[in-house]
Amino acid sequence: MRRGGEFWGRRGGPRQLKQVGGGLKGFAGRLSIAVIALVICSLSLFSMIGVTHPYNQYVDVNKLWRTADSGGWRPSSAPRSYWPPPPNESNGYLRVRCNGGLNQQRSAICNAVVAARIMNATLVLPELDANSFWHDESGFPGIYDVEHFIKVLRYDIRIVEKLPEIFSNGKAKKMKSLLIRPPRDAPLSWYTTTALEKMRKHGVIYLTPFSHRLADEIDDPELQRLRCRVNYHALRFKPHIMKTSSEIVNKLRASGHFMSIHLRFEMDMLAFAGCLDIFTPKEQKILKEYREKNFAEKVLIYRDRMLIGKCPLTPEQVGLILQSMGFDNNTHIYLAAGELFGGDRFMKPFRTMFPRLENHSTVGPEKLEENARGLAGAAVDYMVCLLSDIFMPTYDGPSNFANNLMGHRLYYGFRTIIQPNRKALAPIFLDIEEGRTAGFKERTRQIMFRTKFGGPHKRVPPESFYTNSWPECFCQMSPKNPADKCPPDNILEVLDSQLQSDETDVSELAEASNRMYPPGSTGEA
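Given the structure is predicted, the values throughout are model-derived calculations rather than measurements. (Residues numbered from 1 in each chain as written. Predicted model: local features only at pLDDT ≥ 70, side-chain atom pairs only at ≥ 80, totals over all residues. Heavy atoms only, no water.)

Colleague: Help me understand empty space enclosed by the protein, please; the structure alone is not making it clear to me.
Modeller: Empty space among the atoms becomes visible once a probe the size of a water molecule is rolled across them. Each pocket or cavity is described by its volume, and for the largest cavity that value is around 110 Å³. What lines the largest cavity is simply Met 406, Leu 410, Ile 417, Gln 419, Thr 451, Lys 452, Phe 453, Gly 454, His 457, Glu 463 and Thr 467. For the lining of the largest cavity, the residue count by class is four nonpolar, five polar and two charged. (1 Å grid on protein atoms, 1.4 Å probe; cavity = no way out; pocket = protein on both sides within 12 Å on 5 of 7 lines; lining within 4 Å. Points joined across faces, edges and corners; volume = space filled by probe spheres on them. Nonpolar A, V, L, I, M, F, W, Y, C, P; charged D, E, K, R; others polar.)

See below:
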């Protein structure tokens, strides 16, 4: 790593920059065939993952402040086939406890709605786990707009805020719930057989924990679109969170464009990743103890972890990437991050390269800082990153914040995303750590300018549906494939007639279906 005019070694010590400056014919034939095959395979792979352009060293980074090319696609999560309203009578009540952080819980809520739909269950307002990390007991009503949530999903499922009481011998009693631990990534069939059978027998089932308890890939585009309706329209933060987020964005925009970076360099993620060699012996001891306490025992070698892209980017590495791409020191950056491990020693080089750094403590109201580690603080970071001109995740492995946010920005109109390929960049950063710095900017540029920058692209594992809901939740007005055609303008009239409702304020899904709109930014979905 580098401080001032020096690059720093793995354990923090300075290191001066170094200047690095007949059988044959058959072999040649075989080599030529191998090269041709390699080129064909490479082109096929690039086409498959959406990388359709070669490296261009003359990419104008100023153009990245605009949205990516949509290719004629627009967000649409409204039904495109017959979608009957929820029956008047359900098979029972579904309770879920969503564990994890804000965005892990968010995905779980989407899955709970899908589960309730296919089981014809009445969903009890999901419970949010007040875990030891967040120390936050706000619950669903403290973070999300409950009335809006129920209203937007009225065409899909029935929702109650709490279980009704039952009366026996003139006394009110609470309904009892059957507790079930659902299998991880359960198929739809588990819910329509095992879970439904228990619900019909007991009336109420309580699924806990409920993180990653429904398969990511579902062979039903209408159910995938239901996930999008929940995630990008029904889940609207409380007014005070939206107001604070708006104030921060307005302050940042007052001086022009701004970029947001999710800097995942906290103790829990570093211990999980097992990339310890860059830390002091004392810091390594802390991380090892945390890992032993919270994660499965496993031998992890720093260099091996780097080379497979499992190490979070350091703040300095983020700065070097941005510099190599052509961003200058006047770039305005909002940092969404918890407490960075290692202190200012790791932030100082980044701040030297990009001094215009902000976070919700520097541009947000003082009252926000009181709950900066809670769900409200995470929600504000989420909204600011959603509305920023450019978003850059530094670790998108098990980081639900980065993954969900990339999916939301894609749906929000293909807003620019700079997604570093850590595996491809690893040899460059290892060379820098060992003092070999010649040509690192050009090498970095070659990798970074092959990214998709947030445009529509095919979903390829391990990319999840919540990171990329294309093509299910997008449509085209003049598509080549009829399945991609946008739904009719009167879709709400159709749904309303099916629901036989007298409600008149039904703008949410129309906005989603027929024009690009910032979901969650004003409350209109």
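Colleague: Explain the sheet that holds strand 15 (residues 357-358) to me, please; I cannot follow it from the model alone.
Modeller: Strand pairing in a sheet is mediated by backbone hydrogen bonds. Such pairs are either parallel or antiparallel. The five strands are arranged 15-14-13-16-17 in an open sheet whose pairing can be described as parallel. Each edge of the open sheet is held by one strand with a lone partner, namely strand 15 and strand 17 (416-417). As paired elements, strand 13 (residues 259-262) and strand 14 (residues 333-336) share four bridges and run parallel to each other. Counterpart to Ser 260 in the pairing with strand 14 is Tyr 334. Strand contacts of helix 16 (residues 400-411): strand 13, strand 14, strand 16 (390-393) and strand 17, with the helix running at about 150° to strand 16, the strand carrying the most contacts. (Pairing = 2+ DSSP bridges. Helix = DSSP H or I, 4+ residues; strand = E, 2+ residues; numbered from the N terminus. Contact = heavy atoms within 4.5 Å. Axes fitted to C-alpha atoms, helices over the stretch in contact; angles between N-to-C directions.)

Colleague: Got a minute to help me understand the packing of aromatic side chains in this structure?
Modeller: Two aromatic rings, taken as a pair, are described by how far apart their centres are and by the angle between their planes. Going through the model one piece at a time under the given rule, you end up with 19 aromatic pairs. Considering the side-chain rings of Phe 414 and Phe 474, the 5.3 Å spacing of their centres and the 25° angle between planes classify their relative orientation as stacked. Of this pair, Phe 414 sits in the loop between helix 16 and strand 17 while Phe 474 sits in strand 18 (residues 474-475), placing them 60 residues apart in sequence. Exposure remark for Phe 474: the relative accessible area of 0% places this residue in the buried category. When the ring centre of Tyr 206 is taken as reference, the NZ or CZ atom of Arg 95 above it lies at 3.9 Å. Above the ring of Trp 83, the side-chain terminus of Arg 229 is found at 5.2 Å from the ring centroid. (Phe/Tyr/Trp six-rings, centres within 6.5 Å; stacked < 30°, edge-to-face > 60°. Buried < 20%, exposed > 50% of the residue type's maximum accessible area, 1.4 Å probe, protein only. Lys NZ or Arg CZ within 6 Å of the ring centre and 35° of its normal.)

Colleague: What's the story with the nonpolar core in this structure? I'm lost.
Modeller: For soluble globular proteins, nonpolar side chains are generally found buried alongside one another. Grouped together as the largest cluster of nonpolar side chains are 78 residues, with contacts concentrated most on Leu 94, Phe 149, Tyr 191 and Phe 237. At 11 residues, the largest contribution of residues to this core is made by helix 15 (residues 375-387). For this core, the domains that each give at least three residues are domain 1 (93-233) and domain 2 (239-482). Ignoring sequence-local partners within four residues, the contact set of Phe 149 consists of Ile 109, Val 113, Leu 125, Phe 140, Ile 159, Val 230, Ala 234 and Leu 235. (Core = buried A, V, L, I, M, F, W, Y, C linked by side-chain atoms within 4.5 Å. Domains from an automatic or database assignment.)

Colleague: Can you help me understand the pattern of salt bridges in this one?
Modeller: When charged atoms on two side chains of opposite charge get close, those side chains can pair. Tallied over the entire structure, the rule returns 19 salt bridges. The partner of Arg 351 in a salt bridge is Asp 344, with the nearest N and O atoms 3.0 Å apart. In this structure, Glu 472 engages Arg 459 in a salt bridge whose closest nitrogen and oxygen atoms are separated by 2.8 Å. Within this pair, whereas Glu 472 is found in the loop between helix 18 (440-448) and strand 18, its partner Arg 459 is found in the loop between helix 18 and strand 18, the two being separated by 13 residues in sequence. Each of the two residues, Glu 472 as well as Arg 459, counts as buried. One network of salt bridges, with partners in common, ties together Arg 303, Asp 431, Glu 434, Arg 436 and Arg 443. (Salt bridge = Lys/Arg side-chain N within 4 Å of Asp/Glu carboxyl O.)

Colleague: I'm lost on the pairing of strand 12 (residues 204-207) in this one. Help?
Modeller: Regular strands show a simple pattern: their side chains alternate between the two faces of the sheet. Judged by which residues are buried, strand 12 turns out to be covered on both faces: Val 204 and Tyr 206 on one side and Ile 205 and Leu 207 on the other are all buried. As paired strands, strand 5 (residues 93-98) and strand 12 are joined by four bridges and run parallel to one another. Note on strand 12: the bridge partner recorded for Val 96 is Leu 207. In the sheet, strand 11 (residues 178-180) pairs with strand 12 via three bridges, with the strands oriented parallel. Residue Leu 179 lies in a different strand from strand 12, and its bridge partner there is Tyr 206.

Colleague: I keep staring at the packing of helix 6 (residues 221-234) against helix 16 and nothing clicks. Help me out?
Modeller: Helix-helix packing is described using two parameters, namely the angle between the two axes and the distance between the axes. Between helix 6 and helix 16, whose axes approach to 11 Å, the crossing angle comes to 85°. Comparing their axes, helix 16 and helix 6 come out roughly perpendicular. Residues Asn 231, Tyr 232 and His 233 of helix 6 form the contact with helix 16, whose own contacting residues are Gly 407, His 408 and Tyr 411. Taken together, the residues that form the contact of helix 6 with helix 16 break down as two nonpolar, four polar and no charged. (Parallel < 35°, antiparallel > 145°, perpendicular 65-115°, else oblique.)

These figures come from the coordinates and say nothing about function on their own.
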